[in-house]
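So you can see what is in the structure, the chains are spelled out below.
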Amino acid sequence: MTTYTVFLLLGANLGDRAATLQQAMEQLNVDVGPVLQQSARYETAAWGVTDQPAFLNQVLKVLSVFPPEEILQKTQAIENRLGRVRREKWGSRVIDIDLLYVNDLILQQETLTIPHPFLHERRFTLVPLAEIAPDFVHPVLHKTQEQLLAECRDTGEVRKWTP
């Protein structure tokens, strides 16, 4: 049986953000696979559409027996159960679960691109990712998460969140 090491980015900027991230992690643990590692939670300014509340973000490392397409279906089902409504690209949301990496797979499909196509441009992704997987090498860019963070031009504030 093939197993996949999956890095997921969780983000929330509506409602009780911390509770939503916790619920998402619990559901991922059941539906996708055991959570092996979790970063600290970080409060970050919105990216893309900036006129919205700050996000709470966290990266999880999950072990899964499901292939990427099934993981996407399962993460979207979790988003829906937690109240996600898709209105505006990069808009406010109760929960967002992005697939960043699945092993060192390179995948480009209409509904799924792995590695995540914007991860190297976003500090709010790279800071928690570099925290738990600093030496993981991006399979396309051939750089570690630490290197990608050092080279990232995004100047958005990313700070550890304390409840």
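Data block above holds the structure.
The following refers to the structure shown.

Cut-offs used in this document
- Residues numbered from 1 in each chain as written.
- Predicted model: local features only at pLDDT ≥ 70, side-chain atom pairs only at ≥ 80, totals over all residues.
- Heavy atoms only, no water.
- Buried < 20%, exposed > 50% of the residue type's maximum accessible area, 1.4 Å probe, protein only.
- Helix = DSSP H or I, 4+ residues; strand = E, 2+ residues; numbered from the N terminus.
- Contact = heavy atoms within 4.5 Å.
- Axes fitted to C-alpha atoms, helices over the stretch in contact; angles between N-to-C directions.
- Left-handed = near helix turned anticlockwise from the far one by under 90°.
- Nonpolar A, V, L, I, M, F, W, Y, C, P; charged D, E, K, R; others polar.
- Salt bridge = Lys/Arg side-chain N within 4 Å of Asp/Glu carboxyl O.
- Patch = residues over 30% accessible without salt bridge, like charges linked within 9 Å, V, L, I, M, F, W, Y side chains within 5 Å.
- Areas by Shrake-Rupley, 256 points an atom, 1.4 Å probe, with all protein chains shown as cover.
- Core = buried A, V, L, I, M, F, W, Y, C linked by side-chain atoms within 4.5 Å.

### Quick look at helix H3 (residues 123-132)
The buried fraction of H3 is high, at eight of 10 residues. Among the residues making up H3, those that are buried are Phe124, Thr125, Leu126, Val127, Pro128, Leu129, Ala130 and Ile132.

### Digging into the environment of Ile71
Mapped onto the secondary structure, Ile71 falls in helix H2 (residues 68-81). In this structure Ile71 touches Val6, Val32, Ser64, Phe66 and Leu99, once residues within four positions along its chain are discounted.

### Quick notes on the packing of helix H1 (residues 17-31) against H2
Running from N to C, H1 and H2 cross one another at 140°; their axes reach a closest spacing of 10 Å. You can see that H1 and H2 cross each other, and the crossing is right-handed. Contacts from Ala24, Gln27, Leu28 and Asp31 of H1 reach H2 at Lys74, Thr75, Ile78 and Arg81. Taken together, the residues of the contact of H1 with H2 sort by class into three nonpolar, two polar and three charged.

### Here we look at the pattern of salt bridges
Opposite charge on two side chains makes pairing possible when the charged atoms of those side chains draw close. By the definition in use, this model includes five salt bridges. Two residues, Arg17 and Glu43, come together in a salt bridge whose shortest N-O distance is 2.8 Å. With Arg17 in helix H1 and Glu43 in strand E3 (residues 42-44), the pair connects residues that are 26 residues apart, well separated along the chain. In this structure, Arg17 and Glu43 share a single accessibility class: buried.

### Focus on the side chain of Gln145
Along the chain, the position of Gln145 falls in helix H4 (residues 145-151). The exposure class assigned to Gln145 is buried, which follows from its relative accessible area of 0%. Ignoring anything within four residues of it in the chain, the contact list for Gln145 reads Tyr101, Leu119, Leu126, Leu129, Ala130, Ala133, Pro134, Phe136, Val137 and His138.

### Some words on a nonpolar patch on the surface
A contiguous nonpolar patch, built from Ile106, Val140 and Leu141 and spanning about 250 Å² of accessible area, is present on the exposed surface. Along the chain, Ile106 falls in the loop between strand E5 (96-102) and strand E6 (107-108).

### As for the nonpolar core
Ranked by internal contacts, the top residues of the largest apolar core, which has 25 residues, are Val6, Leu8, Leu10, Leu28, Ile97 and Leu99. Listing elements by their share of this core, those giving two or more residues are strand E1 (4-12), H1, strand E4 (55-64), H2 and E5. Once residues lying within four places of it in the same chain are set aside, the contact partners of Leu99 are Phe7, Leu8, Pro68, Ile71, Leu72, Thr75, Leu112, Ile114 and His116.

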